[in-house]
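Descriptive analysis of the structure
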Amino acid sequence: MFDAMDVGILSFVIAALAAEWHLTPSEMGWIGSVNSIGMAVGAFGFGLLADRIGRKNVFMMTLVLFSLASGLSALTTTLIAFLILRFLVGAGLGGELPVASTLVSESVEAKERGRVVVLLESFWAAGWLLAALIAYFVIPHYGWRLALIITALPAFYAIYLRRKLPDSPKFESEGKPKESAFAKLQLIWTKKYARRTLMLWIVWFTVVFSYYGMFLWLPSVMVMKGFDLIHSFKYVLIMTLAQLPGYFTAAWLIERAGRKFVLATYLLGTAASALFFGNAETLTPLLIFGALLSFFNLGAWGALYAYSPEQYPTAVRATGSGMAAAVGRIGGIFGPLLVGSLLAAGTGFGTIFGIFCGAIIIGVLAVVFLGTETKQLELE
C-alpha cells in the first residue's frame, strides 16, 4: 500500500510540477523514468541481498529508504535535485516489491499461496486510491510539497516491523546460502531454469514498460485532453477504484484456473483496454476504458507477483524474482520517456497506446508458449 501510494502520488505530482516549473513533455518523462532506473538498480541489488541476509532485514531497509527519500523530495527547488531523490525512492521501491512477495510466498501453504500473494498485491490498489485522495484533497489546496511529506510517514512502520514481523521460515530453515552473487546469476540461466527466466524477463519488461508508460501519464493525459487539473485528478481516482475488483477476481481465479490462464487473460484485457482508451475522446469512454485498463492491468500484476517466486528454489528465489523485476524496470525507464518524446513530436494518443497494446501482446505470447503452470506446487 505504501509503495503504491508513493508511485501513485508521483503521477499527480508530475502534472502539478509541469504547471509550476513549466516542464516540457520530455522533462516530465524523465521524472517517471529516473524512478524506474532506481527501481531496476534496487530490484537487482536488494534481491541479491535478500538471499544473503534474509527477507525481513531487506524489507525494512527498503521501506525506510523510499519513505525518507520521498519526504525529502518535497524540499527540492530544482528538477535535478528532485530527480536524484526520485532515483533513491525508486531503489527502495524496486527492492521492496519482489522481496515482499518472496517473503509471503515462502510463508504460506502451497494450496493458497497464489491467492494470498495476489491479495497482498491488492493493497497496491489501496495505495493508489490513497494517492488519488491525497492528490485530490491536498495538492490543489496545499500544494504538492505537503503531499510528498505525507509519503515519508511509512518509515515509522519499520519500527513495528522490526519487533513483530517474522522472517521467512523457509529461508531460516535452510540457513544463509554460500553461493556468490555470480553463482546465483549463473543458476537462473542453467538448463533447468533458463526457459522460465526468459519468460519472466519478457513478461516483466512488457508489463512494466506499458504500466509506467500509461499510468504515470494518466493525470497528464486527462489534462492534455482538455480537462482541468482538479477534474483530471477526480477522474483518475474513479478509474483507480477499478483496480480493487481486478485484484480480487484474479485472486479468486488464480487457484482455480491457474497462473498462466489468469496472467494471459488479464494481459489481453489490458491490451484491448489500452487500445480503446488511447482512441477515446469524450469523457464517458475515457472513464469506461480507463477503469477497464485499471481492472485488467492490476489483476495481471497480482498474478505476475504470485507467479515469479514460484519459478526458482529458495537459494535464488529473491535473486531470480529481483532480476526479472529489474529487467522490467528497464522497460519502466523507456515507457514514460517514449510517451514524452512522442507527444513532443506531435504523435496522437491512439498511436502511443497502440504501441503499449502491442507490447502487452508480446508478453501474452511469452506466457502461453514459454510458461509452466505452478498452481499448488510445493516450492523447491
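Since this is a predicted model, take the numbers as computed values, not measurements. (Residues numbered from 1 in each chain as written. Predicted model: local features only at pLDDT ≥ 70, side-chain atom pairs only at ≥ 80, totals over all residues. Heavy atoms only, no water.)

Let us now look at the overall build of the protein chain. Per the secondary structure count, the protein chain includes 18 helices and zero strands. For a compact globule of 380 residues, the expected C-alpha radius of gyration is about 21 Å, and the protein chain comes in at 19 Å, within 12% of that figure. Viewed in the frame of its principal axes, the protein chain has a C-alpha envelope of about 55 × 40 × 30 Å. Residues counted as buried form 60% of the 380 residues belonging to the protein chain. If you take every contact in the protein chain between residues at least 6 apart in sequence, the share linking residues at least 24 apart comes to 85%. Surface accessibility of the protein chain: about 14,000 Å² in total, with carbon and sulfur atoms responsible for 71%. Between the mean site of the 27 positive side-chain charges and the mean site of the 21 negative ones, the protein chain shows a separation of 4 Å. (Helix = DSSP H or I, 4+ residues; strand = E, 2+ residues; numbered from the N terminus. Rg over C-alpha atoms; globule rule 2.2 N^0.38 Å. Buried < 20%, exposed > 50% of the residue type's maximum accessible area, 1.4 Å probe, protein only. Contact = heavy atoms within 4.5 Å. Areas by Shrake-Rupley, 256 points an atom, 1.4 Å probe, with all protein chains shown as cover. Lys, Arg positive; Asp, Glu negative; His and termini not counted. Charge placed at Lys NZ, Arg CZ, Asp CG, Glu CD.)

Here the focus is the layout of surface pockets. Of the volumes computed, that of the largest pocket is approximately 620 Å³. What lines the largest pocket is a set of 22 residues, and nearest its centre among them are M1, F59, E96, A100 and L120. Put simply, the parts of the chain that give the lining of the largest pocket at least two residues each are α1 (2–21), α3 (55–72), α4 (79–105), α5 (113–137) and α8 (157–164). Per-element tally for the lining of the largest pocket: the top contributor is α4, with five residues. In terms of residue class, the lining of the largest pocket is made up of 17 nonpolar, one polar and four charged. (1 Å grid on protein atoms, 1.4 Å probe; cavity = no way out; pocket = protein on both sides within 12 Å on 5 of 7 lines; lining within 4 Å. Points joined across faces, edges and corners; volume = space filled by probe spheres on them. Nonpolar A, V, L, I, M, F, W, Y, C, P; charged D, E, K, R; others polar.)

Going through the model one piece at a time under the given rule, you end up with one cavity of 30 Å³ or more. Those elements that provide at least two residues to the lining of the largest cavity are α5 and α16 (283–307). For the lining of the largest cavity, the class distribution of residues is seven nonpolar, no polar and two charged.

The subject of this paragraph is α16. Here α16 is 25 residues long and its end C-alpha atoms lie 36 Å apart, about the 36 Å a rise of 1.5 Å per residue gives. The buried fraction of α16 is high, at 18 of 25 residues. (Expected span 1.5 Å × (residues − 1).)

In this section: the pattern of salt bridges. Applying the stated rule across the entire model yields 10 salt bridges. Beyond isolated ion pairs, a larger network of salt bridges with shared partners links D51, R55, E106 and R317. (Salt bridge = Lys/Arg side-chain N within 4 Å of Asp/Glu carboxyl O.)

Below, the discussion takes up unusual backbone geometry. Despite not being glycine, H22 has its phi angle at roughly 55°, a positive value. Inspection of the secondary structure puts H22 in the loop between α1 and α2 (25–53). H22 sits in the exposed class, given a relative accessible area of 65%.

This part is about the packing of aromatic side chains. Two descriptors summarise a pair of aromatic rings, namely the distance from one centre to the other and the angle between the planes of the rings. The full count for this structure, using the stated rule, is 27 aromatic pairs. In textbook terms, an aromatic cluster arises when at least three aromatic residues are bridged by ring pairs, as seen for F12, W124, W128, W204, Y211, Y212, F215, F233, W301 and Y305. (Phe/Tyr/Trp six-rings, centres within 6.5 Å; stacked < 30°, edge-to-face > 60°.)

Nonpolar side chains collect at one region of the surface, where L268, I361, L365, V368 and F369 lie side by side and expose about 450 Å² of accessible area between them. With respect to the element layout, F369 can be found in helix α18 (residues 349–370). In this structure F369 comes out as exposed when scored by relative accessible area, which is 58%. (Patch = residues over 30% accessible without salt bridge, like charges linked within 9 Å, V, L, I, M, F, W, Y side chains within 5 Å.)

All right, on to the side chain of T240 then. Looking at the secondary structure, you find T240 in helix α13 (residues 229–241). With residues up to four places along the chain from it excluded, the contact list for T240 reads A125, W128, L129 and S294.

Put simply, α2 and helix α17 (residues 317–344) touch, their axes get as near as 8 Å, and they point 175° apart. Compared by their axis directions, α2 and α17 come out roughly antiparallel. (Axes fitted to C-alpha atoms, helices over the stretch in contact; angles between N-to-C directions. Parallel < 35°, antiparallel > 145°, perpendicular 65-115°, else oblique.)

This next bit is on the side chain of E96. Assignment of secondary structure puts E96 in helix α4. It is R329 that comes nearest to the buried, bridge-free E96 among opposite-charge side chains, at 8.7 Å.

Looking now at the environment of T351. Along the polypeptide, T351 turns up in helix α18. Sequence separation between T351 and M199 is 152 residues; the distance between their C-alpha atoms is 27 Å.

A word on the packing of α3 against α4. Contact pair α3 / α4: the axes reach a minimum separation of 8 Å and the direction vectors enclose 150°. With respect to α4, the axis of α3 lies roughly antiparallel. As for how α3 packs across α4, the hand of that crossing is left-handed. The residue makeup of the contact of α3 with α4, split by class, is 14 nonpolar, five polar and three charged. (Left-handed = near helix turned anticlockwise from the far one by under 90°.)

Just distances and angles here, no functional claims.
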